[in-house]
Amino acid sequence: MPLSYKEYIDRRLEGKRKIHDVPAGLDLNGLLVEKLRPLWIGAGRLESGYLPQSAQRQEIENPVYVCGLARAGTTLLLEAIFRTGAFAAHSYRLYPFIDIPVVWERWTRLPAGAKTPPPQERGHLDLLDVTFDSPEAVEEMIWMYFFPRAHDPAVSNELDATIRNPSFAAYYASHIRKIMHIFGKQRYLAKGNYNLTRIPYILSLFPDARFVIPVRRAEAHIASLMKQHYLFTRLEQDDPRALRYMNRVGHFEFGL
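Just so it is clear, the model here is predicted, and its values are computed rather than measured.

What counts and how
- Residues numbered from 1 in each chain as written.
- Predicted model: local features only at pLDDT ≥ 70, side-chain atom pairs only at ≥ 80, totals over all residues.
- Heavy atoms only, no water.
- Phe/Tyr/Trp six-rings, centres within 6.5 Å; stacked < 30°, edge-to-face > 60°.
- Helix = DSSP H or I, 4+ residues; strand = E, 2+ residues; numbered from the N terminus.
- Buried < 20%, exposed > 50% of the residue type's maximum accessible area, 1.4 Å probe, protein only.
- Salt bridge = Lys/Arg side-chain N within 4 Å of Asp/Glu carboxyl O.
- 1 Å grid on protein atoms, 1.4 Å probe; cavity = no way out; pocket = protein on both sides within 12 Å on 5 of 7 lines; lining within 4 Å.
- Points joined across faces, edges and corners; volume = space filled by probe spheres on them.
- Nonpolar A, V, L, I, M, F, W, Y, C, P; charged D, E, K, R; others polar.

1. Regarding the packing of aromatic side chains
Link 1 in the chain: Overall, the coordinates contain 19 aromatic pairs when judged by the stated rule.
Link 2 in the chain: On the numbers, 5.4 Å between centres and 45° between planes, the contact of Phe 146 with Tyr 171 is tilted. Of this pair, Phe 146 sits in helix H7 (residues 140-146) while Tyr 171 sits in helix H8 (residues 166-183); the two residues are 25 residues apart in sequence, bridging distant segments of the chain. By the burial criterion, Phe 146 is buried, and Tyr 171 matches it.
Link 3 in the chain: With a centroid separation of 5.0 Å and an interplanar angle of 15°, the aromatic rings of Phe 168 and Tyr 172 are classed as stacked. One end of the pair is Phe 168 and the other is Tyr 172, both in helix H8 and 4 residues apart, which spans about a single turn. We note that Phe 168, like Tyr 172, is buried.
Link 4 in the chain: Grouped by ring-pair contacts, the aromatic residues Trp 143, Tyr 145, Phe 146, Phe 147, Phe 168, Tyr 171, Tyr 172, Tyr 201 and Phe 206 constitute a single cluster.

Rendered as structure tokens:
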């Protein structure tokens, strides 16, 4: 008989209690960014001022946003688009210091000739292998700072074209230019499931933005969400650092 999703997860977790291991150092860095968020936002603005003038004036043309419901296939689409080589995108490496990506990317860059760690299956146990340089959804940290109620279930989280947040708009555009500058690309690619509720607002900022929205067969989608919720609930009960990581990066779709 086929395994239930709970039996499948239980078997996969045997001997792998640290499948979603968050090192103590990364947890501490995440705490520093979380508790001193205004300081890092200020550091981000300062870093932007040191970019070459050509980078500061770079046009943001046709940015691509992959968004949709969690477990719809957004990560696979993100990977496929990123592999074309035409786009700059956030990576796992940039967390948690995403506000100073230029400095942090240089600081963590491997020296020439160093052996790159092999890809490993990500914590979702969905057979998707990633590295520190794989594209990832981390720009949500910026949205959460400038829109503090972005994940408050007591209010509508929709952002339409009437929304005005000049501080966010200026910071976000500058941040995108830094990501393009780091990777030497002319276009920006982002994955953010919650951007599904912000399409009109994003279009008010970048009228030529493109949106890729996968729709998955309903029963498969529901089954995947059930599996992930069970998996991450177990992981986060076992390791509070995993829960703190998910909260800090803005990943609230499943788990505790």
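2. Focus on the pattern of salt bridges
Link 1 in the chain: This model, assessed by the stated rule, comprises 15 salt bridges.
Link 2 in the chain: Note that Asp 27 is salt-bridged to Arg 244, the shortest N-O span being 2.9 Å. Of this pair, Asp 27 sits in helix H2 (residues 24-35) while Arg 244 sits in helix H11 (residues 240-249), and the two are 217 residues apart along the sequence.
Link 3 in the chain: For Glu 219, the salt bridge identified is with Arg 217, shortest N-O distance 2.7 Å.
Link 4 in the chain: Within the structure, one salt-bridge network assembled from shared partners comprises Asp 27, Glu 34, Arg 244 and Arg 248.

3. A look at the layout of surface pockets
Link 1 in the chain: Roughly 920 Å³ of volume is contained in the largest pocket.
Link 2 in the chain: Considering the residues around the largest pocket, the lining is formed by 31 residues, among which Asp 21, Tyr 92, Gln 120, Val 130 and Phe 132 are closest to the centre.
Link 3 in the chain: For the lining of the largest pocket, the secondary-structure elements that each account for two or more residues are H2, helix H6 (101-108), strand S3 (120-121) and H11.
Link 4 in the chain: A breakdown of the residues in the lining of the largest pocket according to their chemical character gives 15 nonpolar, 9 polar and 7 charged.
Link 5 in the chain: Considering the residues around the second largest pocket, the lining is formed by 26 residues, among which Arg 71, Thr 74, Thr 75, Arg 122 and Lys 191 are closest to the centre.
Link 6 in the chain: Top contributing element to the lining of the second largest pocket by residue count: helix H5 (residues 74-82), with 3 residues.
Link 7 in the chain: Its residues placed into classes, the lining of the second largest pocket shows 9 nonpolar, 8 polar and 9 charged.

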